[in-house]
Amino acid sequence: MMLGGCALPVAAGLFRPSAARAAQDAGSGGGTPTTGVNGDQGYEPAGSFEIVADFYGPGPSGVVVTESGRIFVGFPRHAVNHKGATLGELVQGRVVPWPSAELSLPSAAAPADRLMSIHGMTMDTQGRIWAIDDGKLAGQPLQPGAAKLVCFDPQTNRLVHKIVLTSPALLPDSHMNDLRVDLTHGQAGTAYVTDSSFGHSPALVVVDIASGRQRRVLPTHPSTQAEPGFMAVVEGVPLVYTPGKPPRFVVGGADGITLSPTSDRLFYAPLTSRRLYSLPTALLADPTVSEAALAAAVKDEGEKGTADGLATDTQGRIYTTNFEQDCILRRNTDGSFDLMVHDPRILSPDGIFCTKTHVYCTLGQWNRLASFNGGQDKRKPPYHLIRFPIEPVPAYNTEQKI
């Protein structure tokens, strides 16, 4: 079906484009790292980034940027059941409900026939936009048909695929969080979804796109589980995850997810963990491979910090958000790490996306939600969409002699 767009009112989704504010917002480091052995040991801003957009409505999560520069952002409703667009395109200072107001804005349509709560987003190698609709509205149970995978062609605004997630792959407490799409396995490709769980039942979900067949894997494996007793220092406050007690910060199982450039390996990580894991997609996409064989193939890739979102560039380097250090790191192919950007405004870095030249990331301030702060909402709009260059900004000396 053909899906058009319409402009969203200011109160429901205004953002301020800020592409020219790089110098103003790059931090006192001016593009030069100030942390490390010769710096202040991590207290000052570092790296060069710009604020692409400020959001004054719902908080942003997933993000995709096309090769032509179009920017699409997801605004989930599982934490706050807002009335704005849950999927939008940023156009001349407004969040335009995308691919249409009928799909993106709240309506009386059946949950399977509209977008409920868009969270993770990605782009496949054909340039199509995929999103995971976690289906959850704050304060309401998960409704049948609400949780689903959707795929759109940005060239035509057409819905290409819609796969409703069902039991036993979907549980009543599922939080379908993020996804990646592999077009090298399966007739029409295979989607890998992280279910971080609103309860204590995380797992990976594998979906064959052609048939819609879906299965839940590694539901008890350590690589998908939140670590009991895990402690994070968030905005200077030490917080401990204790199963059975109300969480004081954003916790969960399998969350961050990314593919290698050739889609031969899937990387993923629990939210409440510092470890990174991987699996060969040839095994993960094969429904005949046993659970035991999958578990045996999981590789512990070592520590990567407290990450939410993960993204891979064309060189196979993995960018990891870090909600504990207010920064974004890069894991190089040899296992070493670089600090890309660090700033006190990088609160709850969430959705992350690599273009050929830049890394984009949404900052939703999720740790400040009322549910983690004794009923007090401590978020302070605007929420940011930032970006930074993959390659260092060239440095010039005007006094240098030729």
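Residues numbered from 1 in each chain as written. Predicted model: local features only at pLDDT ≥ 70, side-chain atom pairs only at ≥ 80, totals over all residues. Heavy atoms only, no water.

## Structural notes on the pairing of strand β8 (residues 129–133)
Regular strands place their side chains on alternate faces of the sheet. Counted residue by residue, β8 has 5 buried out of 5 residues, so it is predominantly covered. Alternating residues of β8 divide into Ile129, Ala131 and Asp133 and Trp130 and Ile132, and every residue in both groups is buried. In this antiparallel pair of consecutive strands, strand β7 (residues 118–123) and β8, the connection spans 5 residues, and glycine 127 shows a positive phi of 85 degrees. Of the strand pairs in this sheet, β8 and strand β9 (residues 148–153) are connected by 5 bridges, and their pairing is antiparallel. Counted as the bridge partner of alanine 131 is valine 150 from β9. (Buried < 20%, exposed > 50% of the residue type's maximum accessible area, 1.4 Å probe, protein only. Helix = DSSP H or I, 4+ residues; strand = E, 2+ residues; numbered from the N terminus. Pairing = 2+ DSSP bridges.)

## A word on the packing of aromatic side chains
Applying the stated criterion to the full structure yields 5 aromatic pairs. Ring geometry for phenylalanine 72 and tryptophan 98: centres 4.5 Å apart, planes at 50 degrees, overall tilted. Residue phenylalanine 72 is found in strand β4 (residues 71–74), and its partner tryptophan 98 is found in the loop between β6 (94–97) and α3 (101–104); the two are separated by 26 residues along the sequence. Judged by centre distance (5.3 Å) and plane angle (65 degrees), the rings of tryptophan 98 and phenylalanine 152 are edge-to-face. Of this pair, tryptophan 98 sits in the loop between β6 and α3 while phenylalanine 152 sits in strand β9, and the two are 54 residues apart along the sequence. A residue is classified by how much of its surface remains accessible, and tryptophan 98, at 2% relative accessible area, is buried. Among the residues examined, phenylalanine 152 registers a relative accessible area of 1% and is labelled buried. One aromatic cluster in this structure is built from Phe72, Trp98 and Phe152. The lysine or arginine in question, lysine 136, covers the ring of phenylalanine 198, its NZ or CZ lying 5.7 Å from the ring centre. (Phe/Tyr/Trp six-rings, centres within 6.5 Å; stacked < 30°, edge-to-face > 60°. Lys NZ or Arg CZ within 6 Å of the ring centre and 35° of its normal.)

## Topic: the sheet that holds strand β24 (residues 337–342)
Taken in spatial order, the 4 strands make up an open sheet running β21-β22-β23-β24, and their pairing is antiparallel. What marks the edges here is a single partner per strand, and that holds for β21 (310–312) and β24. The sheet shows a mean angle of 25 degrees between the axes of neighbouring strands, taken without regard to direction. Across 5 bridges, strand β23 (residues 327–331) lies against β24 in antiparallel orientation. The residue of β24 that forms the bridge with arginine 331 is phenylalanine 337. (Axes fitted to C-alpha atoms, helices over the stretch in contact; angles between N-to-C directions.)

## Quick notes on the pattern of salt bridges
Overall, the coordinates contain 18 salt bridges when judged by the stated rule. For aspartate 313, the salt bridge is made with arginine 317, and the minimal N-O distance between the two is 2.8 Å. Note on accessibility: aspartate 313 and arginine 317 belong to one class, buried. Via salt bridges that share partners, Arg275, Asp300 and Glu303 belong to a single interconnected network. (Salt bridge = Lys/Arg side-chain N within 4 Å of Asp/Glu carboxyl O.)

## Description of the side chain of serine 278
The residue serine 278 is located in strand β19 (residues 275–280) in this model. For serine 278, the contacting residues outside a window of four places in its chain are Arg265, Leu266, Phe267, Tyr268, Ala297, Val298, Lys299 and Glu301. (Contact = heavy atoms within 4.5 Å.)

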